[in-house]
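A closer look at the structure
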Amino acid sequence: GEIRCSGDTIVIGLAADSGCGKSTFMRRLTSVFGGAGEPPKGGNPDSNTLISDTTTVICLDDYHSLDRTGRKVEGVTALDPRANNFDLMYEQVKALKDGIAVDKPIYNHVSGLLDPPELIKPPKILVIEGLHPMYDERVRDLLDFSIYLDISNDVKFAWKIQRDMAERGHSLESIKASIEARKPDFDAYIDPQKQYADAVIEVLPTQLIPGDNEGKVLRVKLIMKEGVKYFSPVYLFDEGSTVSWIPCGRKLTCSYPGIKFSYGPDSYFGHEVSVLEMDGQFDRLDELIYVESHLSNISTKFYGEITQQMLKHADFPGSNNGTGLFQTIVGLKIRDLFEQIMASKASAPLEATKT
Ligand code: ADP
Ligand code: G6P
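Residues numbered from 1 in each chain as written. Chains lettered and ligands numbered in written order. Predicted model: local features only at pLDDT ≥ 70, side-chain atom pairs only at ≥ 80, totals over all residues. Heavy atoms only, no water.

1. Here we look at the overall build of the protein
- When helices and strands are tallied, the protein shows nine helices and 16 strands.
- Against the compact-globule benchmark of 20 Å for 355 residues, the protein has a radius of gyration of 20 Å, which places it among compact chains.
- Seen along its three principal axes, the alpha-carbon backbone of the protein occupies a region of about 60 × 60 × 40 Å.
- Out of the 355 residues in the protein, the part that is buried amounts to 54%.
- Considering only intrachain contacts with a sequence separation of at least 6, the fraction spanning at least 24 residues in the protein is 67%.
- One way to put it: in the protein the 39 positive side-chain charges average out to a point 2 Å from where the 51 negative ones average out. (Helix = DSSP H or I, 4+ residues; strand = E, 2+ residues; numbered from the N terminus. Rg over C-alpha atoms; globule rule 2.2 N^0.38 Å. Buried < 20%, exposed > 50% of the residue type's maximum accessible area, 1.4 Å probe, protein only. Contact = heavy atoms within 4.5 Å. Lys, Arg positive; Asp, Glu negative; His and termini not counted. Charge placed at Lys NZ, Arg CZ, Asp CG, Glu CD.)

Spelled out as structure tokens, the structure:
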């Protein structure tokens, strides 16, 4: 790689389609770092930014170059690169990484307009979340770690129905139509980013119930790239072996359809990866400690930290299944990565870091 000066900000990219659990993931991640995060004080009430002691989360929708009307006039969706300013995204993420504050635009999700910018100071950890954190090669190269939330179409549909029908009063037909309308751009511009991710959380319908497509019981895979600096994949029982584990028995209560874990090596877009999979859901969250105690390399600071995090946020979506479990684990791995990078900088303060 290139030689670059060591700034003090590490940059994490989180990519997913909208409505796929990015904000839930962010809440789990910032909780591991000790603070939930709040919008900048005294600023625009419609700011998309969340700031805590260590971490600033910015939403890449703020780099829309076309507002809602502009997109309509040009006939492009928010997913289309032509609706986004990647030059500015690159400049500002680079500046923050180099320790320089920026005036970042705000895309107002309520009005659909671009609001006056807000001042963002360089944090210890900058998370850029949105539709395109790994789309532009220059931005991608600034990332110290990247995550892609890959929600399969069936599950995405089930979640959208839950939210847009129950909470927003949309019709089934209009939800179907809006998903279909987004799909070509999603396939062209969003989905391909997963090949670059260091970790992918893939969410699929369960295989424990034949023919199920309700999207309530989920099969979730945590796909972890091998050979990523400061990131050593989690494993089950025996690193590198292939394992299938049904933990239901004396120590874990499992009602129908039960729980099944799998673990093993695989290949993903030509990269070597380790994959941990959980199908099914927990009946009792406190019993998660039994599963936690069989996982290794989880980067916890004390016995039971995963279970504690999951219990603390039991009300977040996905807490009883692999989505919540793997989001929590990725949060712990990012804390570990951050601490390792800080330690390596502390031991070589004046040298350029080779990446
Ligand atoms: P985003 O920030 O990507 O738009 P959110 O985290 O706000 O997504 O989640 C959007 C909606 O998707 C939630 O309100 C919920 O209905 C559903 N959802 C998200 N994550 C999960 C999950 N793990 N399990 C079930 N539903 C989920
Ligand atoms: C944001 C979201 C997009 C969503 C858009 C709405 O940019 O990230 O996923 O599609 O808002 O755009 P619209 O043109 O429908 O207002």
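2. A look at the domain arrangement of the protein
- One can read the domain layout of the protein as domain 1 (1-148) and domain 2 (198-340).
- Put simply, the middle of domain 1 and the middle of domain 2, counted by C-alpha atoms, are 27 Å apart.
- Of the roughly 2000 Å² buried at the junction of domain 1 and domain 2 (both faces included), carbon and sulfur atoms supply 68%.
- Across the contact surface, domain 1 and domain 2 share zero salt bridges.
- Inspection of the region where domain 1 meets domain 2 yields nine residue pairs in polar contact (both at pLDDT 80 or more). (Domains from an automatic or database assignment. Buried area = accessible area lost by both parts, 1.4 Å probe. Salt bridge = Lys/Arg side-chain N within 4 Å of Asp/Glu carboxyl O. Polar contact = N/O pair within 3.5 Å; in protein donor to acceptor, adjacent residues only side chain to side chain.)

3. Things to note about the environment of D198
- Mapped onto the elements, D198 comes out in the loop between α6 (172-190) and β9 (199-205).
- For D198 and S232, which are 34 residues apart along the polypeptide, the C-alpha to C-alpha distance reads 11 Å.
- Not counting chain neighbours up to four residues away, the residues in contact with D198 comprise D144, F145, S146, I223, M224, K225, V228 and F231.

4. Some words on the nonpolar core
- Core analysis: the biggest nonpolar cluster contains 57 residues, and F261, L276 and L325 have the highest contact counts within it.
- Here the element with the most residues in this core is helix α9 (residues 322-347); it accounts for nine residues.
- Both of domain 1 (1-148) and domain 2 (198-340) provide at least three residues apiece to this core.
- The residues touching F261, leaving out its near neighbours within four places in the chain, are L236, V243, S244, W245, P247, L276, E277, M278, F282, V291 and L325. (Core = buried A, V, L, I, M, F, W, Y, C linked by side-chain atoms within 4.5 Å.)

5. Some points on the packing of helix α1 (residues 22-32) against α9
- The N-to-C vectors of α1 and α9 enclose an angle of 45 degrees; their axes lie 9 Å apart at closest approach. On the basis of their axis angle, the class for α1 and α9 is oblique. Judged by the sense of rotation from one axis to the other, the crossing of α1 with α9 is right-handed. Seen from α1, the contacting residues are T24, F25, R28, L29 and V32; seen from α9, they are G324, Q327, T328, V330, G331, L332, I334 and R335.
- By residue class, the composition of the contact of α1 with α9 is six nonpolar, five polar and two charged. (Axes fitted to C-alpha atoms, helices over the stretch in contact; angles between N-to-C directions. Parallel < 35°, antiparallel > 145°, perpendicular 65-115°, else oblique. Left-handed = near helix turned anticlockwise from the far one by under 90°. Nonpolar A, V, L, I, M, F, W, Y, C, P; charged D, E, K, R; others polar.)

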